[in-house]
Amino acid sequence: MSTHDDSSGRGTGAGAGVGAGSGEGVQVCGLSVVLGRGRRARRAVSDLDLDLGVGVHGLLGPNGAGKTTLMRVLATVVPATHGQVRMLGLDVSEARERREVRRRLGYLPQTFGYYPRFTVEEFVTYFAWLKEVSGPGSGAAVARAIERVGLGDRAKDRMKTLSGGMLRRAGLAQALVNEPEVLLLDEPTAGLDPEQRLDFRALLRELGVDTTVVVSTHLVEDVASACTRVSVLDTGRLVRSCTREELANLADDHSEPDGSARPGHEHASPIELGYSALLRSHREHAAELEEPRG
Amino acid sequence: MTARAGEAGTGGVLRIELRRSGAYLLGGLLAVLGAVLVVTSQAPLDPYGLWSSSWAAAMRVLSETSIVLGPLAAAGAAWTAGREGRRHLGELLATTPRPVLARQQTTWAAIALGVVAGTLGVAGVLVAGIAPGLSYSGGRWPLALLLAVLGVLACSAVGFAAGRLIRGRLVAPGVGVLLYVLNGYLGYLTGPSARLSPLALVSQLPSQEGYELDGWSAAGAAIWLLAVTATAVLLAGSRRLAALVPALLAAVSAAALVTTPATGDSPLWLQPDEQALEQVCTDDAPQVCVQRVHAGLLQDVTPPARELLARVQDFLPVDRIAEVPYGQQAPPGTLAMADLQGRSRFLRPGMDHPGQVVDDTVSRLTSYMCEGPELDAAGQQPYLTLDVAHALLTGELLLSSADPTAVEALITRLEEDPAAARAWMARFLPAAADCDVATLVDLARP
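Note that this is a predicted model, so its numbers are computed, not measured.

(A) Geometry of the sheet that holds strand 6 (residues 334–337) of chain B. Residue and element names in this part refer to chain B. Pairing is mixed in the open sheet, where 4 strands are placed in the order 3-4-5-6. What marks the edges here is a single partner per strand, and that holds for strand 3 (279–281) and strand 6. Averaged over all neighbouring strand pairs, the angle between strand axes comes to 25°, with direction disregarded. Of the strand pairs in this sheet, strand 3 and strand 4 (residues 287–291) are connected by 3 bridges, and their pairing is antiparallel. The residue bridging Q279 from the neighbouring strand is Q291, located in strand 4. Seen against the sheet, helix 12 (residues 298–312) touches strand 3, strand 4, strand 5 (320–323) and strand 6 and runs at an angle of roughly 130° to strand 4.

Next comes the structure, spelled out in C-alpha cells:
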C-alpha cells in the first residue's frame, strides 16, 4: 500500500488534499507561507492544497509541521505568501470578502487569551459583538453557546476563577457564538480531563453535521474518535489527506515483516500506527529525493 | 439553562467595558485624588491656598489639579489599552470582523466616561466650595471647566494610544510620567518661549478675577484638545491615514494658539471683564465698596473697613474705602482696600477673618520695596517706620523691627501729639512710595 502520494503536497491518490470538498468550505490552492523577514525568514507552509467541506477534519503532524501556521492562515490572521485561500466561496485576500468570512468563522487558537475580570457571559457577549452578532437574538446566541460547552452554571463567574479545562470551553463558546460555518480549533483538547475530552469529541461530531470543522491536534485519539477525514502535515507540506479508516489501514506498513508490531508499539492504535507509517514513508521518500542532489 | 445573556449591542458592550475595563476605578480614583488635592489646597489645611468665592479661583485650582489628573488618566487608559497584548488576545481579536477602530473606540468610550465623571467630580467639589459665597457667574468660566475636562480627556486618549501601540507593562507609568513632565515644562516656560504654554494639555488655563476667557482662544484650545484626542483615538484604532486629518487640525490650532497675541496688558487667553470689577457699595456712609465678584463679602468686611477708615481719616483726606485691584491707584478721596480674592469661607458664605483685610490694606498703604546702596548703608533703621505707621493706622503694635524699644518710644511720642503724628504720616507716605531713604531714616529717629 502506498503511504505517500506526493511530497509536494499535491497528492494524487486517495483524495490527497481533497476531502469532501463542497466548494463552500475551505479551499486552499498552492499555499505557501514564509514567516519572518531577511535572515530569519522561514518557510512554514509549502505549496499546499486542501479542499475541506462539511465535516470534522483533523490536521495531524509533528511539532513544527506547519499545522498552527495553516490554522492561522485559515483564521485570516496570517496572510498567504503565495497561493490562494478561499473560504465559504470567498477570497480571504480581499478585505471585504475577508470580513464576511470572519462573520461566519469560529476560531480557538492554541494559546487562548482572555480578560480575567470578565465573566464567561460577558466574554462571550463581547465576542458576539465583535463577530457582529447583534439584534434581539444575540442574547440567546450567547446563552446557547455557553450552554453548548457545558458552562451554563458558570456563566456569571469571572474568567479568572475557571480551571484550565473550563477556560478552554469558554474559548470554544466564543468560537461558537456566531454559529460559524467554518470552525477552526487549534489543539482544542489541551488541558481537558478525560471526561471533558469525551464530551468535547461528542460536541465536535455534533458540530460536524453542518459545519466545516478543522481540528489541529497532535493527539491521534481526537482524530480517531471525532474526525471524519485527516490531513497529515510534515515540514510544512501536506503528506496525505484521507479518511481515518484509510489512515488506520496504513498501520500494516508499520509492522515487522512477519506482521507483528514493532517493539514498544504493541499497544498503539491502528490510527497511531498508520500515522507513524505515513510519516516514516514520507521522510524516507523525501530523503531519496534529496540524495541525488547531495 | 443559564439566564438570558445581555444583548450583544454596542450599548451592552459599553456597559461591560465600563464594569471591566477599570473605567469606574479610574473615574473614582480621579475624583477622590482630585478632591483631596483641592480640599488640601484650601484653608485651614493650606493657609496660603485660598480659592473659594469665585469661578476664576475655582477654575485656577481645577487647572492646577489637572496636572495630576491628566497623567493619571493617561496611565490608566494606557494600562487598559495594553490589555490585549498582556492577555495574548491579539490573535483571537484579529479574526473578528468588527473593525479595530470600533473595538478600540468602545473601550476608550468607557475610559472616557470614567475620566469625565472623575474630573466633573473634582469640579463638583470646587463648585460646592465656591457656591455659598458666589456673587458673580459671568466671565465665561464654564468654558474653563469644559477645557479642563477636555484636557484630561486628551491626556487619557494619548495614554490610550500609547498603551495600544507600544507593548510593555512600563508604558502606562511611563506615559503618565512623560505627560506630567511635558505639561509641567510647558506650563512653567517663561519669556518668549512661554507662548508655547497653551499647548500643554492640562494646567494651561489662566484664570484671574476681573478677567474672562477670550472666546476665540477658548475655541482654539477646545479644537486643539479635541483634535489631539481624535488623532490619538484613530491611531489606537489602527486608522493612521484617517488620523492625519485631526492631526492637521491639531497642528493648525496649535499654530493659532501660540501666535495669538494677548489682549492689551491681559494675560494670554484672558480679556478684562469690566462687569466683574464693577463696584458694589454700602448704601450708608461712610461708603465701603467691593468688586461685584466679591459682593457676598461686603457685609462682613464693612465693620473693620469702616473702623480702619476712621483711623486713616486722621492722616489722609479719604471719605470712602473701596476694593481696588492690586497695582491700581484708588480714586481721590478713596482708601484702596486690599484685594478680597480667596478670602471667603469654604463651603459656607461669608469670610472668617475680615480683620486680615485691614492688616493687608495697611500693609499695601505703608510697605515699600526699595533697594540701592543708600538703603544698604542705612541698615535696619528705615524699617522701623513700618511698625510705627502700622501702629498709627491700626492702633496695634507689630514690633517686628530690629529695635522694638525705639519703635515704642517713637509711637508713644507721636500718640501723645496728634499734630506731630499727622505731620509724621504726611512725610512717611510719600517717602515710602518714592523710596526716599533719607526721609525714612530721618522719620525713624525717636
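Having seen it, we continue.
(B) Local environment of the pattern of salt bridges. Inspection of every chain in the model, using the stated rule, returns 24 salt bridges over all chains. Of the charged contacts in the structure, one is a salt bridge between E91 of chain B and R72 of chain A, with a shortest N-O distance of 3.2 Å. Residue E91 of chain B is located in helix 5 (residues 90–94), and its partner R72 of chain A is located in helix 1 (residues 67–74); the two belong to separate chains. For E91 of chain B, a relative accessible area of 22% puts it in the partly exposed group. Taking the shortest distance from any N to any O, the salt bridge between R104 of chain A and E100 of chain A comes out at 3.6 Å. The network of salt bridges with shared partners includes R99, E100, R103, R104, E132 and E181 of chain A.

(C) Seen up close, empty space enclosed by the protein. All names here are of chain B. Scanning the entire structure with this criterion turns up 3 cavities of 30 Å³ or more. If you add up the space inside the largest cavity, you get close to 60 Å³. Looking at the largest cavity, it is lined by 13 residues, and the ones nearest its centre are A56, Y136, G138, W141 and V293. Per-class residue counts for the lining of the largest cavity are 7 nonpolar, 4 polar and 2 charged.

(D) Main features of the state of the cysteines. Under the defined criterion, the tally for this structure stands at 1 disulfide over all chains. The disulfide bridge from C281 of chain B ends at C289 of chain B, spanning 2.0 Å between sulfur atoms. The disulfide joining C281 of chain B to C289 of chain B has a torsion of about 110° about its S-S bond and is therefore right-handed. C281 of chain B sits in the partly exposed class, given a relative accessible area of 25%. As a non-bridged cysteine, C227 of chain A has C242 of chain A as the owner of its nearest cysteine sulfur, 11 Å distant. With relative accessibility at 0%, the residue C242 of chain A sits in the buried group.

(E) Seen up close, a nonpolar patch on the surface. Taken together, the side chains of V177, Y180 and V181 of chain B present a nonpolar region at the surface, about 290 Å² in accessible area. Within the secondary structure layout, V181 of chain B lies in helix 8 (residues 171–187).

(F) Representation of the sheet that holds strand 10 (residues 229–234) of chain A within the structure. All names here are of chain A. Here 6 strands make up an open sheet; going across it, the order is 7-8-9-4-10-11 and the pairing mixed. Looking at strand neighbours, the two that pair on one side only are strand 7 (105–108) and strand 11 (237–243), the edges of this open sheet. Between one strand and the next, the sheet's axes are offset by a mean angle of 15°, whatever the strand orientation. Of the strand pairs in this sheet, strand 7 and strand 8 (residues 182–186) are connected by 4 bridges, and their pairing is parallel. Counted as the bridge partner of L105 is V182 from strand 8. Relative to the sheet, helix 5 (residues 164–176) contacts strand 7 and strand 8, its axis offset from that of strand 7 by approximately 165°.

(G) Just the layout of surface pockets, in detail. A volume near 760 Å³ is recorded for the second largest pocket. Residue lining of the second largest pocket: 42 residues in total, with V77 and R102 of chain A together with G90, A94 and V100 of chain B positioned closest to the centre. Per-element accounting of the lining of the second largest pocket gives the leading share, 5 residues, to helix 2 (residues 95–103) of chain A. Taken together, the residues of the lining of the second largest pocket sort by class into 20 nonpolar, 10 polar and 12 charged.

(H) Spotlight on the side chain of Q291 of chain B. Relative to the elements of secondary structure, Q291 of chain B occurs in strand 4. Residue Q291 of chain B is classed as buried on the basis of its relative accessible area, which comes to 3%.

(I) Quick peek at the packing of aromatic side chains. All chains considered together, the criterion is met by 9 aromatic pairs over all chains. Ring centres of Y115 of chain A and F118 of chain A lie 5.1 Å apart, and the angle between their planes is 45°; this geometry places the pair in the tilted category. Across the pair, F118 of chain A and Y115 of chain A agree in class, each one buried. Taking NZ or CZ as reference, R83 of chain B lies 4.1 Å from the ring centre of Y115 of chain A, over its face. R87 of chain B extends its terminal NZ or CZ atom over the ring of Y114 of chain A, reaching a point 5.4 Å from the ring centre.

(J) Expanded view of unusual backbone geometry. The amide bond that connects A285 of chain B to the next residue, P286 of chain B, takes the cis arrangement and shows omega of -10°. The residue P286 of chain B is located in the loop between strand 3 and strand 4 in this model. Notably, E132 of chain A is not glycine yet its phi reads approximately 60°, a positive angle. With respect to the helices and strands, E132 of chain A occurs in the loop between helix 3 (120–130) and helix 4 (138–148). Residues other than glycine seldom take positive phi values, yet S238 of chain B does so here, at roughly 60°. Note that S238 of chain B resides in the loop between helix 9 (215–236) and helix 10 (240–259).

(K) Focus on the pairing of strand 5 (residues 82–87) of chain A. All names here are of chain A. One ladder, built from 5 bridges, connects strand 2 (residues 26–35) with strand 5; its direction is antiparallel. Within strand 5, the position partnered with Q27 by the bridge is R86. Note: strand 5 against strand 6 (residues 90–91), 2 bridges, orientation antiparallel. If you follow M87 over to strand 6, its bridge partner there is L90. The loop that links strand 5 with its antiparallel partner strand 6 comprises 2 residues; one of these, L88, has a positive phi angle of about 55°.

(L) Region of the structure containing the interface of chain A and chain B. Taken together, the contact pairs 45 residues of chain A with 34 residues of chain B. Approximately 3,500 Å² of surface area, both sides summed, lies buried where chain A meets chain B, with 61% of it carried by carbon and sulfur atoms. Counting the surface chain A buries against chain B, the share from its top three residues, Y115, W129 and L130 of chain A, is 21%. In this structure, the connection of chain A to chain B is made through 3 salt bridges. Here R19 of chain B makes a salt bridge to E122 of chain A, at a shortest N to O gap of 2.9 Å. Remark: the boundary between chain A and chain B carries 13 residue pairs in polar contact (both at pLDDT 80 or more). Taken together, the elements giving at least two residues each to the side of chain A that touches chain B come down to helix 2, helix 3 and helix 4 of chain A.

(M) Fine view of the nonpolar core. If you look at the biggest cluster of nonpolar residues, it comprises 92 residues, and the most contacted ones within it are M159 and L247 of chain A. The contacts of M159 of chain A, once residues within four sequence positions are left out, are F112, Y114, Y115, P116, F118, T119, V120, F123, L167 and A170 of chain A. By size, the runner-up hydrophobic cluster in this structure holds 67 residues, among which are L147, V149, L179 and V233 of chain B.

The rules behind these values
Residues numbered from 1 in each chain as written. Chains lettered and ligands numbered in written order. Predicted model: local features only at pLDDT ≥ 70, side-chain atom pairs only at ≥ 80, totals over all residues. Heavy atoms only, no water. Pairing = 2+ DSSP bridges. Helix = DSSP H or I, 4+ residues; strand = E, 2+ residues; numbered from the N terminus. Axes fitted to C-alpha atoms, helices over the stretch in contact; angles between N-to-C directions. Contact = heavy atoms within 4.5 Å. Salt bridge = Lys/Arg side-chain N within 4 Å of Asp/Glu carboxyl O. Buried < 20%, exposed > 50% of the residue type's maximum accessible area, 1.4 Å probe, protein only. 1 Å grid on protein atoms, 1.4 Å probe; cavity = no way out; pocket = protein on both sides within 12 Å on 5 of 7 lines; lining within 4 Å. Points joined across faces, edges and corners; volume = space filled by probe spheres on them. Nonpolar A, V, L, I, M, F, W, Y, C, P; charged D, E, K, R; others polar. Disulfide = S-S within 2.5 Å. Patch = residues over 30% accessible without salt bridge, like charges linked within 9 Å, V, L, I, M, F, W, Y side chains within 5 Å. Areas by Shrake-Rupley, 256 points an atom, 1.4 Å probe, with all protein chains shown as cover. Phe/Tyr/Trp six-rings, centres within 6.5 Å; stacked < 30°, edge-to-face > 60°. Lys NZ or Arg CZ within 6 Å of the ring centre and 35° of its normal. Buried area = accessible area lost by both parts, 1.4 Å probe. Polar contact = N/O pair within 3.5 Å; in protein donor to acceptor, adjacent residues only side chain to side chain. Core = buried A, V, L, I, M, F, W, Y, C linked by side-chain atoms within 4.5 Å.

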